[in-house]
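# Residue-level structural notes
So the chains spell out like this:
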Amino acid sequence: MGLDWIHSPGECAETPLTAAVAAGRWVRSAAVDDERGRHWRANPDPRGGSAVTPEPASLYAGAAGIVLFFLELAAATGHEAYLEDARAGARYLAATWRDQADLSLYHGLTGTVVALAEAGWALGEERFEAEALAAADRIVRSARAVGGGLGWSADPAQRGDGGIVLGLLRAAAAFGVPAYEQVALEAGERIAELAVPGHRFGDCLDLPADAVTPGFLPGTAGTAFLLARLYGVTGEPHFLAAARRGAGFVRGVSVVTDRCAVVPHHVPQARSLHYLGFCSGSAGVARMFYELYRVAGDPGDLDWAERLAHGIVRSGAPRRRTAGLWNTACQCCGTAGLLELFVGLWAATGREPYREFARALAEDLIGGATDPDGRGLRWYQAYRRLRPGEVSADTGYMVGAAGIGAALLHLDTAMQPDRARRVILLPDNPFPAIPVPAAALSRPE
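Below is a short write-up of the structure.

Rules behind the numbers
Residues numbered from 1 in each chain as written. Predicted model: local features only at pLDDT ≥ 70, side-chain atom pairs only at ≥ 80, totals over all residues. Heavy atoms only, no water. Helix = DSSP H or I, 4+ residues; strand = E, 2+ residues; numbered from the N terminus. Rg over C-alpha atoms; globule rule 2.2 N^0.38 Å. Buried < 20%, exposed > 50% of the residue type's maximum accessible area, 1.4 Å probe, protein only. Contact = heavy atoms within 4.5 Å. Salt bridge = Lys/Arg side-chain N within 4 Å of Asp/Glu carboxyl O. Patch = residues over 30% accessible without salt bridge, like charges linked within 9 Å, V, L, I, M, F, W, Y side chains within 5 Å. Areas by Shrake-Rupley, 256 points an atom, 1.4 Å probe, with all protein chains shown as cover. Lys, Arg positive; Asp, Glu negative; His and termini not counted. Charge placed at Lys NZ, Arg CZ, Asp CG, Glu CD. Phe/Tyr/Trp six-rings, centres within 6.5 Å; stacked < 30°, edge-to-face > 60°. Axes fitted to C-alpha atoms, helices over the stretch in contact; angles between N-to-C directions. Parallel < 35°, antiparallel > 145°, perpendicular 65-115°, else oblique. Left-handed = near helix turned anticlockwise from the far one by under 90°. Pairing = 2+ DSSP bridges. Core = buried A, V, L, I, M, F, W, Y, C linked by side-chain atoms within 4.5 Å. Expected span 1.5 Å × (residues − 1).

### Section: the overall build of the chain
What the chain contains, in helices and strands, is 15 helices and eight strands. Taken against the 2.2 N^0.38 rule, which gives 22 Å for 445 residues, the C-alpha radius of gyration of the chain at 20 Å falls within 12% of a compact globule. Each principal axis of the C-alpha distribution contributes one length, and for the chain these read about 55 × 55 × 50 Å. Out of the 445 residues belonging to the chain, those deemed buried represent 60%. Considering only residue pairs separated by 6 or more positions, the chain has 65% of its internal contacts joining residues 24 or more positions apart.

### Points about the pattern of salt bridges
Close approach of charged atoms lets side chains of opposite charge pair. Scanning the model with the defined rule gives 31 salt bridges in all. In this structure, Arg127 engages Glu125 in a salt bridge whose closest nitrogen and oxygen atoms are separated by 2.6 Å. A relative accessible area of 42% means that Arg127 is categorised as partly exposed. Relative accessible area serves as the criterion here: at 15%, Glu125 is assigned to the buried category. Of the charged contacts in the structure, one is a salt bridge between Glu390 and Arg387, with a shortest N-O distance of 3.8 Å. Several salt bridges converge on common partners, so that one network encompasses Arg25, Asp45, Asp371, Asp373, Arg375 and Arg378.

### Re a negative patch on the surface
Taken together, Glu186, Glu189, Glu193 and Glu236 make up a surface patch of like negative charges. Here Glu186 lies in helix α7 (residues 178–192). Glu186 gets classed as partly exposed once you look at its relative accessible area, which sits at 38%.

### A short note on the packing of aromatic side chains
The way to describe two aromatic rings as a pair is by their centre distance and the angle between their planes. Applying the stated criterion across every chain yields a total of 13 aromatic pairs. Between Phe342 and Phe357 the ring centres are 4.6 Å apart and the planes differ by 55°, which places this aromatic pair in the tilted class. You can see Phe342 sitting in helix α12 (residues 335–349) and its partner Phe357 sitting in helix α13 (residues 352–367), a full 15 residues away along the chain. Of the two residues, Phe342 and Phe357, both sit in the buried class. Members of the aromatic cluster, joined through ring pairs, are Tyr60, Tyr106, Phe216, Phe225 and Phe278.

### Some remarks on the packing of helix α6 (residues 161–175) against helix α8 (residues 220–234)
Here α6 crosses α8 at 30°, and the two axes come no closer than 10 Å. As far as their axial angle goes, α8 and α6 are roughly parallel. Seen from above, α6 lies across α8 with left-handed handedness. Residues Gly162, Val165, Leu166 and Leu169 of α6 lie in contact with α8, whose contacting residues are Phe225, Leu226, Arg229, Leu230 and Val233.

### Some remarks on the pairing of strand β4 (residues 37–40)
The side chains of a regular strand alternate between both faces of the sheet. Where burial is concerned, the two faces of β4 agree: the one with Gly37 and His39 and the one with Arg38 and Trp40 are both buried. Summarising the sheet, strand β3 (residues 31–34) and β4 pair through four bridges and their orientation is antiparallel. Following the sheet pairing, Ala31 is matched in β4 by Trp40. Where β3 folds back on β4, the antiparallel hairpin that results is connected by two residues.

### Some details on unusual backbone geometry
Each neighbour pair has its own omega, and for Val267 with Pro268 the value is 5°, a cis peptide bond. Here Pro268 shows up in the loop between β8 (260–262) and α10 (282–296). For the bond from Ala317 to Pro318, the omega torsion is 0°, close enough to zero to count as cis. Tracing the backbone shows Pro318 in the loop between α11 (299–314) and α12.

### Quick word on the nonpolar core
Formed by 147 residues in total, the largest nonpolar core has its most connected members in Trp152 and Met288. In terms of residues, this core owes the most to one element, helix α2 (residues 63–77), which gives eleven residues. Contact partners of Trp152, with chain neighbours within four places excluded, come to Leu103, Ile139, Ser142, Ala143, Arg144, Val146, Asp161, Ile164, Val165, Leu168, Val183 and Ala187.

### Let's talk about α10
Spanning 15 residues, α10 covers 21 Å between terminal C-alpha atoms, matching the ideal 21 Å at 1.5 Å per step. Across the 15 residues that make up α10, a large majority, twelve, are buried. Within the sequence span of α10, burial applies to Ser282, Ala283, Gly284, Val285, Ala286, Arg287, Met288, Phe289, Tyr290, Glu291, Leu292 and Val295. As for α10, its buried residues are in contact with α8, α9 (237–253), β8, α11 and α12. Among the residues trailing α10, Gly297 stands out with phi positive, at a value near 80°.

So, in structure tokens, the structure goes:
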């Protein structure tokens, strides 16, 4: 069945674009307006509860991520009403960022900087860019002595200082402020001195105290990604050496069969638990290897990114549910995160099987959406693997409909290589920002 005729449980034919529009309708139903602007409830079901702790402003589950989704929806459809949604959300972020204590990328102020910068550029409103600069200045001023270097916390991973460094690099490039890059590099120097960057004992809920996580958001792979990015920015070989130490650890704990690889969720206790998603599994770890390939040009790194992708395909995803891909659709740990990977690999390599698998992932996502009340498509999922009875449908970017809709929009762009458009990728996404292979863009008229 092709993507032009995918039937949801409500027998409504959807394409990636129309499904994203319907997801936007569900997000809109959660809007809360006040004198500060607009934010969105995490779950607007009358009797529903959110899968996550309320974060009205965050990139992960709040206004920052939803603003990015509406900016992309406006670009995809040409409808200015979505720009008004994004503008109202940006007003909320501009009015409330000073109340944020968390500085991190996904759950705190760094994500707000990213969203305000994108909104200011897309909407042509200098006030949002000015607020993004002020928020970035606060992040820089908050840096302190940590472990013999500069930083904000003891956590070098993407969920901690790694994500802040990536956000500052993004802000430095967007606004041309060298001080942001300087602080980012100083913090990166401390992280690069770790024997195995990102290799630390677990402090996550439900993990043993002595667990080590090789994954992307909480572990080694994401930290190695950061160090590879710093090498790309500076050309300094010690950043590349540190990134390769991290990558070596990830390779060492992975399971390799033929042309496939999978990564354990944590070691030594869960060597046979292989997440497939972005946060702690193959879809995120593959980003690290592709970033290494992008900045250093070693074909072996691209080979590893593709081995991880092949492992996802070999698992039987998305139809076959495994311990590492359960009843979850979101960007963080579900099918939408896989979709981002395969669209990205197609954009990077032009290899058609990646786009075809991305289409299969989209079919599964759209087929699993529901709209029981006419308020738009939503995805009911068990966000926490260890709590399968907790099923909810959230609106946010990494955990809900906004991020799923964004992933579908990225595929929609990839399906139209003659109408390439820019998409908004987060700072930890290494793939081309126009998801069309270079060969397609350079075809003669």
